[in-house]
Amino acid sequence: MEGSGPAVPPPPPPPPRPFNDSNHPSNSLQPSAPPPGSRRAPVPKAPEIDREKTCPLLLRVFPKVGGVHELGEYDLREGRVPAGELQIYTWRDASLRELTELVKEVQPAARRREARLQFALVYPDRQGRLTRRPLGTVHAAPGKRSEAERHTLHSLQFQTGDFMDVAILTS
């Protein structure tokens, strides 16, 4: 080979990001503010996502009419989850209103005018125990607005692997 020096190996890949549940805030509905006494920095504003170029993530949603699932129904060691799972491919900029509309497509009870959908994240804490963190309530009727419906998966600090528990309340 003319004029070529020794081959330079490519740089090593960065180490994988370890799971860190400290990104989950307390049960506050203001996810961009750190919990009192926390050293965690506020969540930065989500970058614009081009849904044509960005690969969606899998959001595992577990709706239940009348209330939430018991944490015991989720068993990560045995791979057991509640029945009726919805697998939704979406992006981190999806809002709770957008998720409400997707749940309404497959859950007749969620289409009722008086229905309310209460969203919560289910994820393992630092000790490996499952924790539920309420995210907010969205009314099924589009005319009834709530503060929670504008929150996105990013602003709620969703992490890939978290479960979404949705209580569908009709009374």
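For the structure itself, look to the data block above.
Keep in mind it's a predicted model, so treat the numbers as computed, not measured. Counting of residues starts from 1 at the beginning of each chain's written sequence and follows it residue by residue. pLDDT decides what is reported in this predicted model: residues at 70 or higher carry local features, side-chain atom pairs at 80 or more are listed and counted, and totals for whole chains, interfaces and linings draw on all residues regardless. Side-chain calculation: all heavy atoms of the structure are included, whereas hydrogens and water are not.

Undergrad: Can you explain the overall build of the protein chain? Please cite residues and give values.
TA: The helix and strand inventory of the protein chain stands at 1 helix and 5 strands. Each helix and strand of the protein chain, ordered N terminal to C terminal, gives the series β-β-α-β-β-β. Here the term buried applies to any residue with accessible area under 20% of the maximum for its type, exposed to any over 50%, and partly exposed to those in between, with areas from a 1.4 Å probe on protein chains only. Buried residues in the protein chain amount to 39% of all 171 residues. We get accessible surface area from the Shrake-Rupley algorithm with a probe of 1.4 Å; when it comes to residues, only the shown protein chains can shield them. Summed over its atoms, the accessible surface of the protein chain is roughly 10,700 Å², and 55% of this surface lies on carbon and sulfur atoms. A run of DSSP states H or I qualifies as a helix once it reaches four residues; a run of E qualifies as a strand once it reaches two. Both are numbered from the N-terminal end.

Undergrad: Run through the sheet that holds strand β4 (residues 130–139), naming residues and quoting values.
TA: Spatial strand order, β2-β1-β5-β3-β4: 5 strands in an open sheet with mixed pairing. Two strands lie at the open edges of the sheet, namely β2 (86–90) and β4, each paired on one side alone. Neighbour-to-neighbour, the strand axes of this sheet turn through a mean angle of 30 degrees, independent of strand direction. As paired strands, strand β3 (residues 116–124) and strand β5 (residues 163–169) are joined by 7 bridges and run antiparallel to one another. By the bridge assignment, leucine 117 is partnered in β5 with isoleucine 168. Two strands are counted as paired when DSSP detects at least two bridges linking them. Fitted lines through C-alpha atoms give the axes, limited to the stretch in contact for helices. The angle between two N-to-C directions lies from 0 to 180 degrees.

Undergrad: Let's hear about helix α1 (residues 96–106): which residues, and what values?
TA: Those residues of α1 lying buried are Leu96, Arg97, Leu99, Thr100, Val103 and Lys104. All buried residues of α1 lie within an arc of 155 degrees about the axis, which places them on one face of the element. Elements that come into contact with the buried residues of α1 comprise β1 (57–65), β2, β3, β4 and β5. The directions considered for the arc are those from the helix axis to the C-beta atoms. In this analysis, two residues are considered to be in contact whenever any of their non-hydrogen atoms come within 4.5 Å of each other.

Undergrad: So what's going on with the pattern of salt bridges? Residues and values would help.
TA: Throughout this description, the term salt bridge denotes a Lys or Arg side-chain nitrogen within 4 Å of a carboxyl oxygen of Asp or Glu. Inspection of the entire model under this criterion finds 11 salt bridges. Between glutamate 149 and arginine 97 there is a salt bridge whose closest N-O contact spans 3.0 Å. With a gap of 52 residues between them, glutamate 149 in the loop between β4 and β5 and arginine 97 in helix α1 connect regions that are remote in the sequence. Arginine 97 shares its class with glutamate 149; the two are buried. Because the salt bridges share partners, they merge into one network encompassing Arg97, Glu101, Lys104, Arg145 and Glu149.

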